[in-house]
Amino acid sequence: MIVVPGPSSVDLGKRIAKLISARTVDLDYKNFPDGESYLRLSGSVEGEDIVLVQTTYPQQDKRLVELLLIIDALKDLGARRVRAVVPYMAYARQDTRFREGEAVSIRTLFRLIEAAGADEFYTVDVHKEATLQALGIKARNLLGTEVISEHLMALGLKDPYVLSPDKGAIMIAKRVAERLGAECGNFEKTRDRITGAITVKGEAADVRGRDAVLVDDMISTGGTIANAARILKEWGARRVLAACTHPLLVPGAFERMREAGVDEVLGTDTVSSPVSRISVAPLIAKELR
Ligand code: R5P
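As the structure is a computational prediction, the values presented were derived from the model and not from experiment.

Digging into the packing of aromatic side chains
With the rule as written, the count across this model stands at four aromatic pairs. Measuring from centroid to centroid gives 5.6 Å for F187 and W235, while their planes differ by 15°, and the two rings are stacked. One end of the pair, F187, is in the loop between β10 (183–186) and β11 (188–191); the other, W235, is in the loop between α6 (223–234) and β14 (239–247), with 48 residues separating them in the sequence. It is K30 that lies over the ring of Y38; its NZ or CZ is 4.9 Å from the centre. When the ring centre of F98 is taken as origin, the NZ or CZ atom of R193, which lies over that ring, is 3.7 Å away.

Below you can see the structure in the form of structure tokens.
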């Protein structure tokens, strides 16, 4: 088995390769002056079983094009099997036509990944697991909660209370709560589909003097977490921690969460960020083995 670390996941790809004792074939890559991507495999892949690791953030569109180019090149160069590992799958939130006329983005991208020649697809905490059914190839959604829970357990939290900031993350929060042996609750979020404005509300939870842990699949603007954190602080939480699988963290997200009372933000290395301290490499390696 050979691991090809894509341009957006060089460190993670190498970590996975080490864990599964596979050699790597690196990619030479650069940007042309007008921004187009140049990619070249630095070694032979003919007849080989390939694990390509390429996340799709930041610069979702560019990373997706790179992913497609590499898959197609691998097949064209004779790879026997290409397993596409996309730790963060972008565009997954647009999984349905919420408003008349919208593109169903994730479905289009899955079609392209399949058409490029991927034989198998692996991702971590995709926004909605059911979207993987749009793929006609073997597809696996790995649960980041496993590594996140382990990290949280080592923090020695005070009487933790785990909450999801919206209904979509309830299962994730439940899994973390179970591992921590903690109580679990959730907020309800509504987002204005035109302005993007977020409203979060929830039934009072007894978080007084306790460590509240908000768990979500991703943090982008930090608006969802900030709204929930403000409420938790009002209810008397001692500390508010925000843990997510994909710390997208657009500019201003940290400040927004900090102002709302979030004490610590944790994330995994499905995307690289200043808080990507939890590695999903063991999770992916276990699945590949
Ligand atoms: C959406 O349903 C996701 O699970 C996240 O809650 C959301 O994407 C977070 O976005 P933001 O940080 O911009 O509020």
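Read on, since the account is not over.
Here we look at the sheet that holds strand β1 (residues 2–5)
With parallel pairing, the six strands of this open sheet are ordered in space as β2-β1-β5-β6-β7-β8. Two strands lie at the open edges of the sheet, namely β2 (23–24) and β8 (138–142), each paired on one side alone. With five bridges joining them, strand β7 (residues 120–124) and β8 adopt parallel strand pairing. Its bridge partner lying in β8, E120 is registered against K138. Helix-sheet contacts for helix α1 (residues 10–19) involve β1, β2 and β5 (49–53), and the interaxial angle to β1 is about 165°.

Considerations on the site of the ligand
Looking at the ligand, there are 15 residues lining it, with D216, D217, S220, T221 and T224 nearest. Interatomic distance of 2.5 Å between a side-chain N/O atom of D216 and an oxygen atom of the ligand. T224 is positioned with one of its side-chain polar atoms (N or O) 2.4 Å from an oxygen atom of the ligand. For the ligand, the protein covers 91% of the area, taking 370 Å² as the surface of the free molecule. With four residues, strand β13 (residues 211–219) is the largest single contributor of residues to the shell around the ligand. Its residues assigned to classes, the shell around the ligand comprises three nonpolar, six polar and six charged.

A word on the state of the cysteines
Counted according to the given criterion, the structure contains zero disulfides. The cysteine C184 is free of any disulfide, with C244 supplying the nearest cysteine sulfur at 17 Å.

Considering the domain arrangement of the chain
By domain assignment, the chain separates into domain 1 (2–142) and domain 2 (145–278). Using C-alpha coordinates to define each centre, domain 1 is positioned 28 Å away from domain 2. With twelve residues of domain 1 in contact, the opposing surface of domain 2 contributes 13 residues. Summing both partners gives a buried area of about 1300 Å² for domain 1 against domain 2, and 56% of it is carried by carbon and sulfur. Interface area lost by domain 1 to domain 2 is led by Y57, Y88 and D125, which between them contribute 44%. Run the count over domain 1 and domain 2 and you get one salt bridge. For D269, the salt bridge goes to R15, with nearest N and O atoms at 2.4 Å. Residues belonging to the side of domain 1 that touches domain 2 are distributed by class as follows: six nonpolar, two polar and four charged.

Notes on the sheet that holds strand β15 (residues 264–268)
Strand order in this open sheet of six strands is β10-β9-β13-β14-β15-β16, and the pairing throughout is parallel. Pairing within the sheet leaves two strands with one partner each, and these edge strands are β10 and β16 (276–278). With strand direction ignored, the average angle separating the axes of adjacent strands in the sheet is 35°. Judged from the three bridges that link them, strand β9 (residues 161–164) and β13 form a sheet pairing that is parallel. Pairing of L163 across the sheet is with L214, part of β13. Contacts from helix α5 (residues 170–180) reach β9, β10 and β13 within the one sheet, and its direction differs from that of β9 by about 170°.

Side note on the side chain of N141
Relative to the helices and strands, N141 resides in strand β8. The buried category is assigned to N141, whose relative accessible area is 13%. Here the side chain of N141 touches D125 through a polar contact of 2.9 Å, landing on its backbone nitrogen. In terms of polar contacts, N141 uses its side chain to reach the backbone amide nitrogen of V126, at 2.9 Å. Sequence-distant contacts of N141, that is, excluding residues within four places in its chain, are made with T123, V124, D125, V126, E129 and L132.

Cut-offs and rules
Residues numbered from 1 in each chain as written. Predicted model: local features only at pLDDT ≥ 70, side-chain atom pairs only at ≥ 80, totals over all residues. Heavy atoms only, no water. Phe/Tyr/Trp six-rings, centres within 6.5 Å; stacked < 30°, edge-to-face > 60°. Helix = DSSP H or I, 4+ residues; strand = E, 2+ residues; numbered from the N terminus. Lys NZ or Arg CZ within 6 Å of the ring centre and 35° of its normal. Pairing = 2+ DSSP bridges. Contact = heavy atoms within 4.5 Å. Axes fitted to C-alpha atoms, helices over the stretch in contact; angles between N-to-C directions. Near = heavy atom within 4 Å. Polar contact = N/O pair within 3.5 Å; in protein donor to acceptor, adjacent residues only side chain to side chain. Areas by Shrake-Rupley, 256 points an atom, 1.4 Å probe, with all protein chains shown as cover. Nonpolar A, V, L, I, M, F, W, Y, C, P; charged D, E, K, R; others polar. Disulfide = S-S within 2.5 Å. Domains from an automatic or database assignment. Buried area = accessible area lost by both parts, 1.4 Å probe. Salt bridge = Lys/Arg side-chain N within 4 Å of Asp/Glu carboxyl O. Buried < 20%, exposed > 50% of the residue type's maximum accessible area, 1.4 Å probe, protein only.

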